[in-house]
Amino acid sequence: MRSEDAVEIVRASLALAFPTATDEGLTRAAETVIRWGSEDVADHLNEPLSTRMLLDLLSVAEVGPYELRPAESGWPGRRRLATAARYRTWSRALGMDALPRLRRPLDEEERPDPDGRDEGFGEGRGEGSSFERPE
């Protein structure tokens, strides 16, 4: 799939959730989602990180947190927003608050070989990755 097509698909979904966002804001947010996908951030999300990700997307799209139109009618809104992680495990985009970026756990295939070889050991997870190769 072409990256432009992927951005348009994500952008259309975000337009439903962020009805007050500008066209430019939706495009920036969609590009951010695609970048995070290439960083494999979904592999280690929990509720506080998912909420932080939502707040980050709202910031990128320049939409207030209470302008969100959740897909689920029973979404706990304000209570959930108060539980957002105070850090992130993905790259920061323009418009996001400055927060610490913590390293995610290594995936099984990225763990160093017990014999000391590092064959197949990944170089990281995209630009600005917090993943560091052990010395």
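One can find the structure itself at the top, above this paragraph.
Residues numbered from 1 in each chain as written. Predicted model: local features only at pLDDT ≥ 70, side-chain atom pairs only at ≥ 80, totals over all residues. Heavy atoms only, no water.

A. View of helix α2 (residues 23–38). Taking 1.5 Å per residue as the helical rise, α2 with its 16 residues ought to reach 22 Å, and the 23 Å between its terminal C-alpha atoms agrees with that figure. Among the residues of α2, those classed as buried are Gly25, Leu26, Ala29, Ala30, Thr32 and Trp36. For α2, the arc enclosing every buried residue in end-on projection is 160 degrees, short of the 170-degree limit, so these residues lie on one face. Exposed residues pointing more than 90 degrees away from the buried face of α2 are listed as Asp23 and Glu24. Where the residues of α2 are buried, they touch α1 (3–17) and α3 (47–60). After α2 finishes, the residue Asp40 shows a positive phi value of roughly 60 degrees. (Helix = DSSP H or I, 4+ residues; strand = E, 2+ residues; numbered from the N terminus. Expected span 1.5 Å × (residues − 1). Buried < 20%, exposed > 50% of the residue type's maximum accessible area, 1.4 Å probe, protein only. Arc of directions from axis to C-beta. Contact = heavy atoms within 4.5 Å.)

B. Structural detail: the nonpolar core. In this structure, Leu14, Phe18, Trp36 and Leu58 are the most contacted members of the largest nonpolar core, which totals 27 residues. Secondary-structure elements contributing two or more residues to this core are α1, α2 and α3. For this core, the element with the most residues is α3, which contributes 7 residues. Among residues more than four places away in sequence, those in contact with Leu14 are Leu26, Ala29, Ala30 and Val33. (Core = buried A, V, L, I, M, F, W, Y, C linked by side-chain atoms within 4.5 Å.)

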